[in-house]
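# Observations on the model geometry
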Amino acid sequence: MVKINVLQHALSAHLPARPGDPTPTSRNLDPLMHPFARARERTRALNAAKMERMFAKPFIASLEGHVDAVETMARKPETLDIVASGSWDGGLIVHDVSRRTKLLHIEDAHKGKVSGVCFGQNDRLLSCGVDRNIKLWDSHKGYEEEDSGAGPSQRKPVSIFPGKSAFNSIDHHRYDPLFATASNLVQVWDETKSAAVSNLTLPTSTETVTAVRFNLAEASVLASIGSDRSFTLYDIRTGKAERRIIMQMRSNALSWSPTFPTTVLLASEDHNLYTFDIRSMNTPTQMYKAHVAAVMGCDWSPTGLEFVSGGWDRTVRIWKEGAGSQPEVYHTKRMQRVMSTLYTGDSRFVLSGSDDGNVRIWKAHAADKLGIITARERAAIEYRESLKARWKADAEVNKVARTRHLPKPVYKAGQLKRTMLDAQRVKEERRRKHTRAGENKPKAERKKVVIAEQS
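### A closer look at the overall build of the protein chain
If you tally the helices and strands in the protein chain, you get 5 helices and 29 strands. Judged by the C-alpha coordinates and their principal axes, the protein chain covers about 110 × 80 × 45 Å. Taking all contacts inside the protein chain whose residues are at least 6 apart in sequence as the whole, residues at least 24 apart take part in 50%. When the accessible surface of the protein chain is totalled, it reaches about 25200 Å², and 52% of it is carbon and sulfur.

### Digging into the sheet that holds strand 14 (residues 209–214)
The strand order 14-15-16-17-29 describes an open sheet built from 5 strands, whose pairing is antiparallel. Each of the sheet's edge strands pairs with one partner strand only, and the pair in question is strand 14 and strand 29 (450–454). Sheet twist, expressed as the mean angle between neighbouring strand axes with direction ignored, is 20°. Two strands pair when backbone bridges link them, and strand 16 (residues 230–235) and strand 17 (residues 240–247) are joined in this way by 6 bridges, in the antiparallel orientation.

### Considering the pattern of salt bridges
Scanning all chains against the criterion turns up 24 salt bridges. Across the salt bridge formed by D394 and R42, the nearest N and O atoms sit 3.1 Å from each other. Taken together, the positions of D394 in the loop between helix 3 (375–390) and helix 4 (395–402) and R42 in helix 1 (residues 37–54) put the pair 352 residues apart, joining distant regions of the chain. On the basis of relative accessibility, which here comes to 18%, the residue D394 falls in the buried class. The partner of R425 in a salt bridge is D422, with the nearest N and O atoms 2.8 Å apart. Of the two residues, R425 and D422 both sit in helix 5 (residues 408–433), 3 residues apart, roughly one turn of that helix. Residue R425 is classed as partly exposed on the basis of its relative accessible area of 44%. Residues participating in the shared-partner salt-bridge network are R42, D394 and E396.

### Topic: the nonpolar core
In terms of nonpolar packing, the biggest core is built from 19 residues, with F231, L233, L254 and F276 touching the most fellow members. Of all the elements in the fold, those that place two or more residues in this core are strand 15 (221–226), strand 16, strand 17, strand 18 (251–256), strand 19 (263–268) and strand 20 (272–277). Tallying contributions element by element places strand 15 first for this core, with 3 residues. The contacts of L233, once residues within four sequence positions are left out, are V221, L222, A223, A241, E242, R243, W256, I278 and M281.

Rules used in this analysis
- Residues numbered from 1 in each chain as written.
- Predicted model: local features only at pLDDT ≥ 70, side-chain atom pairs only at ≥ 80, totals over all residues.
- Heavy atoms only, no water.
- Helix = DSSP H or I, 4+ residues; strand = E, 2+ residues; numbered from the N terminus.
- Contact = heavy atoms within 4.5 Å.
- Areas by Shrake-Rupley, 256 points an atom, 1.4 Å probe, with all protein chains shown as cover.
- Pairing = 2+ DSSP bridges.
- Axes fitted to C-alpha atoms, helices over the stretch in contact; angles between N-to-C directions.
- Salt bridge = Lys/Arg side-chain N within 4 Å of Asp/Glu carboxyl O.
- Buried < 20%, exposed > 50% of the residue type's maximum accessible area, 1.4 Å probe, protein only.
- Core = buried A, V, L, I, M, F, W, Y, C linked by side-chain atoms within 4.5 Å.

Take a look at the structure:
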């Protein structure tokens, strides 16, 4: 008889465990058997970086309806897709971002521009303008009227709060029926009363307050910025200003961090953004430099890891918290000066309101795919992300990942700005070189931002 030797293999090692699963593969993990593994991985990382730039199409849609500059926007708390915007034409629109429709459109909400808008409790909407009026609207009633086809002119405000001077900003308390306004002073109002409950101001301040915001965690703490380059903290429980700093240049917008209650972000006229810890306000914790004109609007992502800014240089920039340079840059040929920016509640999208009357929707991450992503696609995306993270120090991969196309005016303005800053630095160094030793000490850039602190 012939002796036959039979090799037996476990089927579980060679066949998929369940229908639809990939067939198991075996690999020899000995690095000597794969001499080109590192070169192959680098090529994949480079291709992943290139693919990200190829698929980076951040612009999604434009929400029309305003006929003048969109200066103010507000997100409805506890929703992902409802946003209100106010314009210089006096119009007020509540947008459904996901359906790209108008839930409420009030053409003549104010005489003159709408300078502030915010959501209150129970579907209430507050707006203020240069006509010295604050108006409270029932936005839920507006949705029903929109469905029934009623015209904008038939909508009346629930109540009107008259003021003595033009209002520049408004913000609602997180829990109570209170809201704060900014004019020539900061005022706190109650929704049930026609006059201001309290006036908050420093005895020595004579500025026009340009923006006001309640803290998201400690809702009694209020912050404001003014035309005299000031940033002021108030406590509505004591009814007075607690601390105040004077900066080198005036700020145009402020935003509280949703995850770090003591962190506040300021958008400045000197082309930079600053984060401050309100426990120590003599120096900013971080400076963010990339804009080439005044920064007009800023807003934190709900995760607290990123924030968006828009400026007079007609660009929208998305920054990582703690990284002061090389932000993501969005621009279009038709977009004019950006007046306001906003994150959606799920932090996937960014909205910008500009001088041309449009509210534009952008992806928060330019190369993200919209729609349903299969498990296989998700695995491939995560693999490409890990490759880029592992090879980010490689010169070619890093160059592809960080290079952004800029409009020619922005690029030239950036070049000119760098030249001017270099000349200023050289001048200071020469002046220091030709003065007595120790007289003119170099000062850190962050130390120059705040001129004085008052408490």
